[in-house]
Amino acid sequence: MFAQQIFDPDLIAKYNNQGPRYTSYPTALEFSDSFFNDDFIKAVKTSANQFLSIYLHIPFCKSLCYYCGCNKIITQDEGKAEQYLEYLELEISTRGELFKHHQVSQLHLGGGSPSFLTPDQLTRLLNLLRTHFNFLDDAELSIEIDPRGVTESYLSKISEIGFNRLSMGVQDTTSKVQEAINRCQSTNHIAELVRKSKSLGFRSTNLDLIYGLPFQSQQSFAQTLNEVMEMDVERISLFSYAHMPSRFASQRKIKDHWLPDTDKKFNLMRQAIETLTKGGYDFIGMDHFAKPSDALSQAQKEHKLQRNFQGYCTDAETDLLGLGVSSISFVGNSYSQNQKDIKSYYQSLLNAGHAVNRGVILNHDDGLRAHVISELMCNLQLDVADTERRFDICFADYFHQELLDLTPFVDDELLTVSDTFLMIAPQARLLVRNICMQFDYYLRHQQNNHRYSKVI
């Protein structure tokens, strides 16, 4: 019944246009170079949040995955990591002083491939962070790893130094697909790493999958889904491959005729959602699946789920500090991003003592719309009365035009609108972004949606 509800072909054809993923509002397209480090410092000082989540970007990978659009540096030179750690030390020591009254509840190392760092380098990095920031005793410490270069001994060592959550890139387990994307890896080895993580007491392991890759078929993807489900991990992420060879040079190695067409790609997504939900996973938001006992599932059931640049998360009223090249912070009423080029990142730290390159300060309207979009994206409903109290508005008056624009969704029984709640219907799960777009001031006034991918 769940699949029949969310996969109505007529509704999907009607609403499948381009739009943001809303990892932030305003989106990164609204970031400006008129945002300065002084703005960041002011945002820290005026933030009412007491807790801090840290994202630290490690850009290095030892080999190139052709599908990847992340900020990365391909190198076999491990000495580059030593140089990077030296500059990170400058940034960490400076930022730590600003956040001395915050308590760190989460740390996430992303990339690139954070497992490019050796256990000794990770130990050095964690010690550095703990020196300059106040970590809670039960803080969540997570790391993304490339299983191709990771051993069971490596997992043991990073467990000893404090990491308690893992994320591994699987993408697809069939050899033809792996060869086409230049990511050949052993499924048995990944399964062994998952088993090892369980024995070491990691709180959870997440596996990443991608649909829409070259040579994927429903038959081959069924193999991938079954093999991943046999590993019995707590979370699975399912991402759509966005083929943009004009923007990402490595994707030019993937030929257009290798890719599934629109209908076949849609069927791959449907197959994955049906398989994973029948297999006992809850469908979280747009692209995450979690066991009912997992913190993500619990947070959504309690209407406390949050969303940021790392995806869905469980910590409310928490500032996000991005460290490292290209990383993004969400502190107080501001978003900011570090220099995206590593040479510029190094130079900025040396010359200015920080790496902030651009950002945006949220005004009252931004904050209100961010709240509305976040609640709908994460918890599939909005408490109108609570929103009115928080932002001192009359919802019906403030969003008069937006409510009119939502009429088609109401008529199609995708959304219920009342004086007290906006409630997204189960059959609208794949169209939440479309509903949120009606509240996007910048999308409405600047018409820049051509820079986004399709919502499905």
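In this text, all values refer to a predicted model and were calculated from it rather than measured experimentally.

(A) Geometry of the overall build of the protein chain. Counting secondary structure elements, the protein chain contains 19 helices and 19 strands. Radius of gyration (C-alpha) of the protein chain: 22 Å, near the 23 Å computed for a compact globule of 456 residues. Here the C-alpha coordinates of the protein chain stretch approximately 60 × 55 × 40 Å along the principal axes. Taken over 456 residues, the protein chain has a buried fraction of 55%. Summarising the internal contacts of the protein chain: among those between residues at least 6 apart in sequence, 73% fall at separations of at least 24. The average position of the 44 basic charges and that of the 56 acidic charges among the side chains of the protein chain differ by 5 Å.

(B) Geometry of the pairing of strand 15 (residues 334-338). Where burial is concerned, most of strand 15 is hidden: five out of the five residues are buried. Where strand 14 (residues 328-331) meets strand 15, four bridges bridge the pair, whose relative direction is antiparallel. Note on strand 15: the bridge partner recorded for I328 is Q337. With five bridges connecting them, strand 15 and strand 16 (residues 356-361) associate as antiparallel partners. Within the sheet, the bridge partner assigned to S336 lies in strand 16 and is G359.

(C) The sheet that holds strand 17 (residues 381-383), seen in detail. What the three strands build is an open sheet, ordered 17-19-18; its pairing is antiparallel. At either margin of the open sheet sits one strand with a lone partner, and together these are strand 17 and strand 18 (415-417). With direction set aside, neighbouring strand axes in the sheet form an average angle of 10°. Sheet analysis places strand 17 next to strand 19 (residues 421-424), joined by three bridges and oriented antiparallel. Paired with Q381 across the bridge in strand 19 is M423. Contacts from helix 13 (residues 364-379) reach strand 17 and strand 19, with the element oriented near 135° to strand 17. Across the sheet, helix 14 (residues 384-391) is in contact with strand 17 and strand 19; its angle to strand 17 comes to roughly 55°.

(D) Summary view of the packing of helix 4 (residues 79-98) against helix 5 (residues 119-132). In contact at an axis separation of 9 Å, helix 4 and helix 5 are set at 10° when each is read in the N-to-C sense. It follows from the interaxial angle that helix 4 and helix 5 lie roughly parallel. Contact with helix 4, carried on its side by A81, E82, L85, E86, L88, E89, I92, S93 and G96, involves Q121, R124, L125, L128, L129 and H132 of helix 5 and no other residues of that element. Classifying every residue of the contact of helix 4 with helix 5 gives seven nonpolar, four polar and four charged.

(E) Examining the nonpolar core more closely. One finds L129, F133 and F163 to be the most contacted residues of the largest nonpolar core, which totals 79 residues. Formed by 41 residues, the second largest nonpolar core is a distinct cluster that contains L11, L368, I373 and L443.

(F) Seen up close, the environment of Y211. Turning to its location among the elements, Y211 is positioned in strand 7 (residues 204-211). Along the chain, Y211 and Q271 lie 60 residues apart, while their C-alpha atoms are 10 Å from each other. Leaving out residues up to four positions away in the same chain, Y211 has contacts with Q216, F221, L238, F239, S240, Y241, K265, L268 and M269.

(G) Molecular detail of the packing of aromatic side chains. One pass over the full model with this rule turns up 19 aromatic pairs. Between F31 and Y335, the aromatic rings sit 5.9 Å apart at their centres with planes inclined by 20°, giving stacked as the arrangement. Within this pair, whereas F31 is found in the loop between helix 2 (9-15) and helix 3 (37-46), its partner Y335 is found in strand 15, the two being separated by 304 residues in sequence. On the numbers, 5.4 Å between centres and 85° between planes, the contact of Y441 with Y442 is edge-to-face. These aromatic residues form a ring-pair network of at least three members: F60, Y84, Y87, F116, Y345 and Y346.

(H) Spatial organisation of the pairing of strand 6 (residues 165-171). Extensive coverage of strand 6 is indicated by the burial of seven of its seven residues. Note: strand 6 against strand 7, six bridges, orientation parallel. Counterpart to L166 in the pairing with strand 7 is T205.

(I) Spotlight on unusual backbone geometry. Following Y25, the chain continues to P26 via a peptide bond in cis, the omega torsion being -5°. As for its placement among the helices and strands, P26 is situated in the loop between helix 2 and helix 3. With omega at 25°, the peptide bond leading from G111 into G112 counts as cis. Counting through the fold element by element, G112 comes out in the loop between strand 4 (103-111) and helix 5. For N182, which is not glycine, the phi dihedral falls at a positive 60°.

Here is what the cut-offs are and how they apply
Residues numbered from 1 in each chain as written. Predicted model: local features only at pLDDT ≥ 70, side-chain atom pairs only at ≥ 80, totals over all residues. Heavy atoms only, no water. Helix = DSSP H or I, 4+ residues; strand = E, 2+ residues; numbered from the N terminus. Rg over C-alpha atoms; globule rule 2.2 N^0.38 Å. Buried < 20%, exposed > 50% of the residue type's maximum accessible area, 1.4 Å probe, protein only. Contact = heavy atoms within 4.5 Å. Lys, Arg positive; Asp, Glu negative; His and termini not counted. Charge placed at Lys NZ, Arg CZ, Asp CG, Glu CD. Pairing = 2+ DSSP bridges. Axes fitted to C-alpha atoms, helices over the stretch in contact; angles between N-to-C directions. Parallel < 35°, antiparallel > 145°, perpendicular 65-115°, else oblique. Nonpolar A, V, L, I, M, F, W, Y, C, P; charged D, E, K, R; others polar. Core = buried A, V, L, I, M, F, W, Y, C linked by side-chain atoms within 4.5 Å. Phe/Tyr/Trp six-rings, centres within 6.5 Å; stacked < 30°, edge-to-face > 60°.

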